[in-house]
Amino acid sequence: RIFNKQIRAGGKIFGFEMKCWHLKRIGVDSEQAMCFLQRQKYKKHIILERKNNLRVLVSTHVARATAKWHLKVGEKPVSGKIKLQKVSFQSLRSFDQYFAEIKMPLPENCLKITYEDDIFQDPKIAYKKIADYLGLKPRDVEVRYQRTCPEALPDLLLNFGEVRDTLLGTEY
């Protein structure tokens, strides 16, 4: 699929998003995925990481519950509290493990950005970093999407106390 899209892009710059659940869905581990990228001679790699993996789980849960994965600027976020099921230290560690595995074979000059530092306040920060990394001249762009879950976790989770108690004393 990736190869077909690359061919359709012609000689233009081509990129794609690769998440841990994408790999799971096609039965490929991160090492196999990185070998594929190296064989295809991809030269530039950008890692977008989250510092707060609990927010990733919550955002994913909300998106699944509401069928709202993206929210255009000006749209009202879906409100209401949710109950987060099966929060475990291990489920959060799996994100850390995935990023550690995916970064290991990458060259030192890959671009690492984080949602919290480079996107949260102003997505144009990440845009400029990526354009610079790719050797492209940044253009004036309009941010078209906003956070789907802007609420603080205690205001979003029905079982915030339970989640807090489960993760108390851990790095999360």
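Our subject is the structure that appears above.
Attention in this report is confined to the structure presented alongside it. (Residues numbered from 1 in each chain as written. Predicted model: local features only at pLDDT ≥ 70, side-chain atom pairs only at ≥ 80, totals over all residues. Heavy atoms only, no water.)

All right, on to helix 4 (residues 53-66) then. Taking 1.5 Å of rise per residue, 14 residues should cover 20 Å, and helix 4 covers 20 Å from first to last C-alpha, within 8% of that figure. Listed as buried for helix 4 are Asn-53, Leu-54, Arg-55, Val-56, Val-58, Ser-59, Thr-60, Val-62 and Ala-63. The backbone nitrogen of Leu-54 lies 3.1 Å from a side-chain oxygen of the residue at the head of helix 4, namely Asn-52. Of the residues one or two after helix 4, Ala-67 is the one with positive phi, at around 60°. (Helix = DSSP H or I, 4+ residues; strand = E, 2+ residues; numbered from the N terminus. Expected span 1.5 Å × (residues − 1). Buried < 20%, exposed > 50% of the residue type's maximum accessible area, 1.4 Å probe, protein only. Polar contact = N/O pair within 3.5 Å; in protein donor to acceptor, adjacent residues only side chain to side chain.)

Next up on the list: the environment of Asp-29. Along the polypeptide, Asp-29 turns up in the loop between helix 2 (20-26) and helix 3 (30-39). Since its relative accessible area comes to 40%, Asp-29 is described here as partly exposed. Along the sequence, Asp-29 and Ile-102 sit 73 residues apart, while their C-alpha atoms lie 9.4 Å from each other. Here the side chain of Asp-29 touches Gln-32 through a polar contact of 2.8 Å, landing on its backbone nitrogen.

Turning to empty space enclosed by the protein, a few remarks are in order. This structure, assessed with the given rule, holds 1 cavity of 30 Å³ or more. For the largest cavity, the calculated volume is near 40 Å³. Val-62, Thr-66, Lys-68, Leu-71, Pro-77, Val-78 and Thr-148 are the residues that line the largest cavity. A breakdown of the residues in the lining of the largest cavity according to their chemical character gives 4 nonpolar, 2 polar and 1 charged. (1 Å grid on protein atoms, 1.4 Å probe; cavity = no way out; pocket = protein on both sides within 12 Å on 5 of 7 lines; lining within 4 Å. Points joined across faces, edges and corners; volume = space filled by probe spheres on them. Nonpolar A, V, L, I, M, F, W, Y, C, P; charged D, E, K, R; others polar.)

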